[in-house]
Amino acid sequence: MNHPDTEKLSDYLDSQLSSQESDSIRVHLDQCAICKNKVANWTAFREGLESANPGVSGGEDSFVNEVMSRIEAADYTPLLARPKLVRKEPSAGILAWIDRSAVVPSLGIALAVALLSIVPNSIPETSGGQQDSYVAFSLESMLLEGFEEESPFMVEGTDAFSFVEVIEES
Amino acid sequence: MSHSWDDRGYASEYDCFVSISNEEDLAVVDKVLSGDREAFAILLEKYQGKVRGYCANMIFNSVESDDLAQEIFLKAYKSLASFDGSAKFSTWLFSISSNHCKDHLRKAKVRKFMRFDSSQELSADEDPLADLESRESIRRILSSFSEQNRQILLLREYYGFTYEEIASHLKISIESVRARLKRIRGKIDKSFAELARESGIKLRGIELKPGAKQ
């Protein structure tokens, strides 16, 4: 019997095959215990992931309560008060030609470049490592403003390194 | 892409999960952004299980993984204004969790010191032995993958990300996602075969810590 390889079975599992290919795999699985077992194992593994023990800090309620009290303890209101971007309307008026999403990151990069070119020269060389961390910190705080709104995936990094990566990729 | 797992016999909780409308989430996000801080608890209740489970599957230390889950929700709350609705809220939140766990692993370099936390309490109605065996097996298999492969595996199998979503999130090609999943699954095959051969919870010759089977 010709068994489909792992790639085919994996594609089948993830609905990456044409319906014709998918049908032929299904027919094969009905007849072949080996391949059927393979797919069954993957399924068992997938289901096993669901049974991961979500920690020891207690049930759902206590988790929710803990997070909510941490939110209340820290005052994040100013951050939330920023203009929201969900379902934004097309802008009108004098500034309509400015696409904010393009301008803000560009400004961020321009400022970052300017800072990089000025700061190292303005600090005496003797300050060494201190100087580097100052530059990195400034970069981070400036870019946070520019990039955080760009993409849902940019919120990851809280360290300067991540944001330096972001510049290079954009 | 739809998640047509059902016709392959995957009656997964995940299917119910995705069928819940993203619109509901967006409405709650709007509420929170307009000042109703308490409304965030709705999102917390809805997604806490999924996010905590992800962390538990990614970080094999239940105390740490729950801390991480808390931080992920705090991060989501703080960044809520940056959620632009271009992805589903769940995808956005899950991406934060994936990045946060990755950051955590990078910073703590727990890889070297990874141990299995067998101190978790089991509820009384479970068969402790069977439950622990399968859980330990899954953890052992998970831990045999590199961090990025584990991340890809969990994004796909646990969060139900599409290939496109994984590729965009990790900034790799769709082809690479597909190839890696194939390799990952090949490795799962081998691990299962070994498990079966050793007919226990021993895998790759590693003994469980004493007391794990209590």
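A.B. asks: What is the right way to read the overall build of chain B from this model?
C.D. replies: Assigned secondary structure in chain B consists of nine helices and zero strands. Expressed as a percentage of the 214 residues in chain B, the buried residues total 55%. With an accessible surface of roughly 9100 Å², chain B has 52% of that area assigned to carbon and sulfur atoms.

A.B. asks: In this structure, what is going on with the nonpolar core? I would like to understand it.
C.D. replies: One recurring pattern in soluble globular proteins is that nonpolar side chains are buried together. By size, the foremost hydrophobic cluster in this structure holds 72 residues, and its most contacted members are Phe45 of chain A together with Phe40, Val51, Phe73, Phe89, Leu93 and Ile188 of chain B. Sequence-distant contacts of phenylalanine 45 of chain A, defined by excluding residues within four places in its chain, comprise Ile138, Ile141, Leu142, Leu153, Ile188 and Phe192 of chain B.

A.B. asks: Explain empty space enclosed by the protein to me, please; I cannot follow it from the model alone.
C.D. replies: By rolling a water-sized probe across the atoms, one finds the places where empty space is left. In the structure shown here, the tally under the stated rule is three cavities of 30 Å³ or more. Looking at the second largest cavity, its volume works out to about 40 Å³. Looking at the second largest cavity, the residues that line it are Gly48, Ser51 and Ala52 of chain A together with Asn57, Arg135, Ile138 and Arg139 of chain B. No other element matches the three residues that helix α6 (residues 128-143) of chain B contributes to the lining of the second largest cavity. Per-class residue counts for the lining of the second largest cavity are two nonpolar, three polar and two charged.

A.B. asks: When you look at helix α4 (residues 60-73) of chain A in this model, what are you seeing that I'm missing?
C.D. replies: Over its 14 residues, α4 of chain A runs 20 Å from end to end, which matches the ideal 20 Å to within 8%, given 1.5 Å per residue. For α4 of chain A, every residue scored as buried is listed here: Phe63, Val64, Val67, Met68 and Ile71 of chain A. All buried residues of α4 of chain A lie within an arc of 125° about the axis, which places them on one face of the element. Those residues of α4 of chain A that are exposed and aimed more than 90 degrees away from the buried face are Asp61, Asn65 and Ala73 of chain A. Contacts made by the buried residues of α4 of chain A are with α3 (40-58) and α4 (62-78) of chain B.

A.B. asks: Teacher, can you tell me more about the side chain of glutamine 151 of chain B here?
C.D. replies: With respect to the secondary-structure elements, glutamine 151 of chain B resides in helix α7 (residues 147-157). Discounting chain neighbours no more than four positions away, the residues touching glutamine 151 of chain B are Tyr54, Met58, Ser98, Lys102, His169 and Leu170 of chain B.

A.B. asks: What should I look at first to understand the packing of helix α1 (residues 6-13) of chain A against helix α2 (residues 19-31) of chain A in this one?
C.D. replies: Axes are the key here: two packed helices are described by the angle between their axes and the distance separating the axes. All names here are of chain A. Between α1 and α2, the shortest axis-to-axis distance is 10 Å and the interhelical angle comes to 110°. Put simply, α1 runs roughly perpendicular to α2. On α2, the residues that touch Lys8, Leu9 and Tyr12 of α1 are Glu21, Ser22, Ile25, Arg26 and Leu29.

A.B. asks: So what exactly am I meant to see when it comes to the pattern of salt bridges here?
C.D. replies: When the charged atoms of two side chains with opposite charge come close together, those side chains can pair. If you walk through the whole model with that rule in mind, you get 15 salt bridges over all chains. A salt bridge links arginine 46 of chain A to glutamate 157 of chain B; the shortest N-O distance between them is 2.4 Å. In this pair, arginine 46 of chain A is assigned in helix α3 (residues 33-50) and glutamate 157 of chain B in helix α7, connecting two distinct chains. Across the pair aspartate 103 of chain B and arginine 106 of chain B runs a salt bridge, and its minimum N-O distance is 3.5 Å. Note that aspartate 103 of chain B and arginine 106 of chain B are positioned in helix α5 (residues 89-108) at a spacing of three residues, about one turn of the helix. With relative accessibility at 4%, the residue aspartate 103 of chain B sits in the buried group. On the accessibility criterion, arginine 106 of chain B (34% relative accessible area) is partly exposed.

A.B. asks: Explain the environment of methionine 68 of chain A to me, please; I cannot follow it from the model alone.
C.D. replies: Topologically, methionine 68 of chain A is positioned in helix α4. When residues no more than four places from it in sequence are discounted, the contact partners of methionine 68 of chain A are Arg37, Glu38, Phe40, Ala41 and Leu44 of chain B.

A.B. asks: Any chance you could explain the packing of α4 of chain B against α5 of chain B here in plain terms?
C.D. replies: Residue and element names in this part refer to chain B. Interhelical geometry of α4 versus α5 gives an angle of 130° and a closest axis separation of 9 Å. As summarised for this structure, α4 and α5 are arranged oblique, according to the angle between their axes. Note that α4 runs across α5; the crossing there is right-handed. Contact residues: Glu64, Leu68, Glu71, Ile72, Phe73, Lys75 and Ala76 in α4; Trp92, Leu93, Ile96, Ser97, His100, Cys101 and His104 in α5. Along the lines of polarity and charge, the residues of the contact of α4 with α5 split into eight nonpolar, three polar and three charged.

A.B. asks: Where do I start with the confidence of the model for chain B in this structure?
C.D. replies: Any region with low pLDDT has predicted coordinates that should not be read closely. Residues and elements named next belong to chain B. Per-residue pLDDT for chain B has a mean of 77; in total, 71% of the residues score no lower than 70. Of the regions scoring below 50 in pLDDT, residues 113-130 engages in 30 contacts with residues more than four places distant in sequence or in other chains. Residue range residues 200-214 is modelled with pLDDT below 50. Its contacts to residues more than four positions away, or to other chains, number 32 contacts. Prediction confidence for the complex, expressed as pTM and ipTM, is 0.63 and 0.70 respectively.

A.B. asks: Would you mind showing me how to read the packing of aromatic side chains here?
C.D. replies: Aromatic ring pairs are described here by two measures, namely the spacing of the ring centres and the angle between the planes. Taken as a whole, this structure holds eleven aromatic pairs over all chains when the rule is applied. For the ring pair phenylalanine 63 of chain A and phenylalanine 73 of chain B, a centre distance of 5.9 Å and an interplane angle of 75° mean the geometry is edge-to-face. One end of the pair, phenylalanine 63 of chain A, is in helix α4; the other, phenylalanine 73 of chain B, is in helix α4, on a second chain. Pair check on accessibility: phenylalanine 63 of chain A and phenylalanine 73 of chain B agree, each one buried. Between phenylalanine 83 of chain B and tryptophan 92 of chain B, the ring centres sit 5.2 Å apart and the planes meet at 45°, which makes this aromatic pair tilted. Both residues of the pair, phenylalanine 83 of chain B and tryptophan 92 of chain B, belong to the buried class. Members of the aromatic cluster, each reached through a chain of ring pairs, are Tyr47, Tyr54, Phe83, Phe89, Trp92, Phe94, Tyr158, Tyr159 and Phe161 of chain B. For arginine 185 of chain B, the ring lying beneath its charged end belongs to tryptophan 42 of chain A, and the centroid distance is 5.7 Å.

So, how was this worked out
Residues numbered from 1 in each chain as written. Chains lettered and ligands numbered in written order. Predicted model: local features only at pLDDT ≥ 70, side-chain atom pairs only at ≥ 80, totals over all residues. Heavy atoms only, no water. Helix = DSSP H or I, 4+ residues; strand = E, 2+ residues; numbered from the N terminus. Buried < 20%, exposed > 50% of the residue type's maximum accessible area, 1.4 Å probe, protein only. Areas by Shrake-Rupley, 256 points an atom, 1.4 Å probe, with all protein chains shown as cover. Core = buried A, V, L, I, M, F, W, Y, C linked by side-chain atoms within 4.5 Å. Contact = heavy atoms within 4.5 Å. 1 Å grid on protein atoms, 1.4 Å probe; cavity = no way out; pocket = protein on both sides within 12 Å on 5 of 7 lines; lining within 4 Å. Points joined across faces, edges and corners; volume = space filled by probe spheres on them. Nonpolar A, V, L, I, M, F, W, Y, C, P; charged D, E, K, R; others polar. Expected span 1.5 Å × (residues − 1). Arc of directions from axis to C-beta. Axes fitted to C-alpha atoms, helices over the stretch in contact; angles between N-to-C directions. Parallel < 35°, antiparallel > 145°, perpendicular 65-115°, else oblique. Salt bridge = Lys/Arg side-chain N within 4 Å of Asp/Glu carboxyl O. Left-handed = near helix turned anticlockwise from the far one by under 90°. pLDDT = per-residue confidence, 0-100. Phe/Tyr/Trp six-rings, centres within 6.5 Å; stacked < 30°, edge-to-face > 60°. Lys NZ or Arg CZ within 6 Å of the ring centre and 35° of its normal.

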